[in-house]
Amino acid sequence: MAAKTLIIDGKAVSAEEGATVLQVARDNNVAIPTLCHLEGVYDVGACRLCLVEVAGSTKLQPACTTKISEGMNIQTDSDRLRKYRRLTLELLFAERNHVCAVCVSNGHCELQTLACSLGLDHVRYDYVFPKWKVDVTHRLFGMDHNRCILCTRCVRVCWHIEGAGTKNVAGRGATAKIISDLDQPWGDSESCTECGKCVMACPTGALFHKGATAGEMEHDRDKLEFIVNAREKQQWLP
Amino acid sequence: MKLRVATVWLGGCSGCHMSFLDMDEFFIELAGLIDLVYSPVIDVKEFPEAVDVCLIEGAVCNEDNLEILRKIRERTKVLVSFGDCAVTGNVPAMRNPFGPDNRENVLQRAYVENARHNPGVPKADGIVPQLLEQVVPVHEAVYVEYYLPGCPPPAARIKAVLVQIINGQAPLLTGPQLKFG
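Conventions we followed
Residues numbered from 1 in each chain as written. Chains lettered and ligands numbered in written order. Predicted model: local features only at pLDDT ≥ 70, side-chain atom pairs only at ≥ 80, totals over all residues. Helix = DSSP H or I, 4+ residues; strand = E, 2+ residues; numbered from the N terminus. Rg over C-alpha atoms; globule rule 2.2 N^0.38 Å. Buried ≥ 20, exposed ≤ 12 C-beta atoms within 10 Å, placed from the backbone. Core = buried A, V, L, I, M, F, W, Y, C linked by C-beta atoms within 7 Å. Domains from an automatic or database assignment. Contact = placed C-beta atoms within 7 Å. Nonpolar A, V, L, I, M, F, W, Y, C, P; charged D, E, K, R; others polar. Pairing = 2+ DSSP bridges.

A. Expanded view of the overall build of chain B. If you tally the helices and strands in chain B, you get 7 helices and 7 strands. Computed over C-alpha atoms, the radius of gyration of chain B comes to 17 Å, within 12% of the 16 Å expected from 2.2 N^0.38 for 181 residues, which places it in the range of a compact globule. Structurally, chain B occupies a C-alpha span of about 50 × 35 × 30 Å along its principal axes. Burial analysis of chain B (181 residues in total) assigns 36% to the buried set.

B. Looking closely at the nonpolar core. Core analysis: the biggest nonpolar cluster contains 103 residues, and Cys154(A), Leu207(A), Cys54(B), Ile56(B), Ala59(B) and Val80(B) have the highest contact counts within it. Residue assignment places this core across two domains, with domain 1 (3-77) and domain 2 (101-233) of chain A each supplying three or more. If we ignore the near neighbours within four places in the chain, the residues touching Leu207(A) are Phe141(A), Met143(A), Cys154(A), Cys198(A), Val199(A) and Cys202(A).

C. Broad picture of the domain arrangement of chain A. Residues and elements named next belong to chain A. According to the domain assignment, chain A contains domain 1 (3-77) and domain 2 (101-233). Each partner contributes residues to the interface: domain 1 has 11 residues there, and domain 2 has 18 residues. Residue classes in the side of domain 1 that touches domain 2 are distributed as 9 nonpolar, 1 polar and 1 charged.

D. Main features of the sheet that holds strand β10 (residues 207-209) of chain A. Residue and element names in this part refer to chain A. The 3 strands lie next to each other as β6-β7-β10, forming an open sheet whose pairing is antiparallel. Only two strands of the sheet have a single partner each, and these edge strands are β6 (134-135) and β10. Where β6 meets strand β7 (residues 141-144), 2 bridges bridge the pair, whose relative direction is antiparallel. If you follow aspartate 135 over to β7, its bridge partner there is methionine 143.

This is how it looks when you write it as structure tokens:
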């Protein structure tokens, strides 16, 4: 494939055609914050945290789904981007009921870590306090919709790594939610293989092992990486 | 002149104040720098006038919280939301998703359904304050200058903010010093 040259944060880099801005940035040690991106599954541009500035366009572009092109000039950090990233995080917090102090993922949560690293010390918008249910019908796992940011990582690993197709998205906008099969209790799902990849992939405390209490839930991302590595590179690294 | 500092305990568990007390020997130094003019840990009944800084623990849960908060805002230059309940609503706000009649429901659950002896919702006008329809973080009720999150914020974090304020700086928490939960 042809190589493309482009500029990221003032530095000239080259990469293969077809690569995304996020891939090229990471290959060149440029950190771009992400939430919905997960190595090994395709990107959907759901969370808008990875927005970058592309010279010549007034629109901000998600780095994870934007393919590189010849001569592209990309800015990954600016006052404008920081403003929008913070705003996006604040809206995520305001939209559902995130209570870090009593969350299973306290201390191991990508949403929490990212918010703090971007200097978010309070949410300027009124909290919505919606009423969401917790599905603990599954033998091994639980789903707390209060903590879900609709990144769809669970859906993508379920369909494209496990191939079970249990998880899906129902509804639209703020009332959209992750469902199992045809919006049935997770415990009644006939397609779920109980592999737990969705739990490994979840960036927050929305998906958890039953029995985990505050701060105990650590998502085992290494297992996913192992599977992806094995599949894509045929390397069965321990 | 010494900075006139107050701390107040609204709808919270007092954990932030316990953490405040964990500053231990720093209090000896602090005593030379500030006057603590109102706090749950000192015996002053009425919130004084002309306060420089007030740390506010807890969410705004009842009429009493709201009343004293408005008084504090009038009489204080700088308000600091102290701990997650003040900053986000945190655990006290977990009744909000139960809808417009959540206060009746939680009182019913706590004082009637789960009461082994003398079931009944406590009622005493002028003594037991009425719950607000929704629990809100402090900055949704009054203007707040600075935020000090954590559940509770560790003593070192409280100290960091106080020292910056005493030195006349706008407090800024960075790195591991900024964390919810």
